[in-house]
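Report on the structure
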Amino acid sequence: MRLIYVLLIVSFVSCKKEEIQIDYPKDIHEIKSVELVRPDEKSNGKFAEIKKLKESEIVELLAAIKNSKKAGIIKFKPNFYIVFVTKNNETKRIKVNGNIIKGYTNDIGYTISKLAFMADF
């Protein structure tokens, strides 16, 4: 009987959706602006391209991050960054390579759905 209880507990714990371990503003009302920024390798990391996202694109991006799937431990050179500026003037960045994203605190990557405004950047 104890074995059944242990198995039930283990199954409930394993079915729980893992929380995304990326620091980003989760509510659209916290956000002042979001930009996609690509550093220029020839100019010592100064930004070569910057694209400011519209509110509809921010909503789409937040949904994609929220619904992302864990890809595991990944190391990559970012193609570009997503830079969130909050209404409290905090800046939060996410590294992007294709449709894989990750934060700065660990090497856990997440796969997000392909977004047209990111594919065109």
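Our structure's up above, just so we're on the same page.
So, the pattern of salt bridges
Across all of its chains, the model carries 4 salt bridges by this definition. When the shortest N-O distance is used, the salt bridge between Lys92 and Asp23 registers 3.0 Å. Placement of Lys92 in strand S5 (residues 91-97) and of Asp23 in the loop between helix H1 (2-15) and strand S1 (31-39) is noted, with a sequence separation of 69 residues between them. The class for Lys92 is buried, based on a relative accessible area of 15%. Connected through shared salt-bridge partners, Lys75, Lys102 and Asp107 make up one network.

Side note on the environment of Val85
Turning to its location among the elements, Val85 is positioned in strand S4 (residues 80-86). A C-alpha to C-alpha distance of 8.8 Å links Val85 and Pro25, two positions 60 residues apart in sequence. If near-sequence neighbours (up to four positions away) are discounted, Val85 is found in contact with Ile31, Lys32, Ser33, Glu90 and Thr91.

Quick word on the environment of Asp23
Distance in space between the C-alpha atoms of Asp23 and Gly103 is 6.7 Å, their sequence separation being 80 residues. There is a polar contact of 3.0 Å between the side chain of Asp23 and the side chain of Lys92.

Quick word on unusual backbone geometry
The residue Asn89 is not glycine, and still its phi comes out positive at about 60°. As for its position among the elements, Asn89 is in the loop between S4 and S5.

About the criteria used
- Residues numbered from 1 in each chain as written.
- Predicted model: local features only at pLDDT ≥ 70, side-chain atom pairs only at ≥ 80, totals over all residues.
- Heavy atoms only, no water.
- Salt bridge = Lys/Arg side-chain N within 4 Å of Asp/Glu carboxyl O.
- Helix = DSSP H or I, 4+ residues; strand = E, 2+ residues; numbered from the N terminus.
- Buried < 20%, exposed > 50% of the residue type's maximum accessible area, 1.4 Å probe, protein only.
- Contact = heavy atoms within 4.5 Å.
- Polar contact = N/O pair within 3.5 Å; in protein donor to acceptor, adjacent residues only side chain to side chain.

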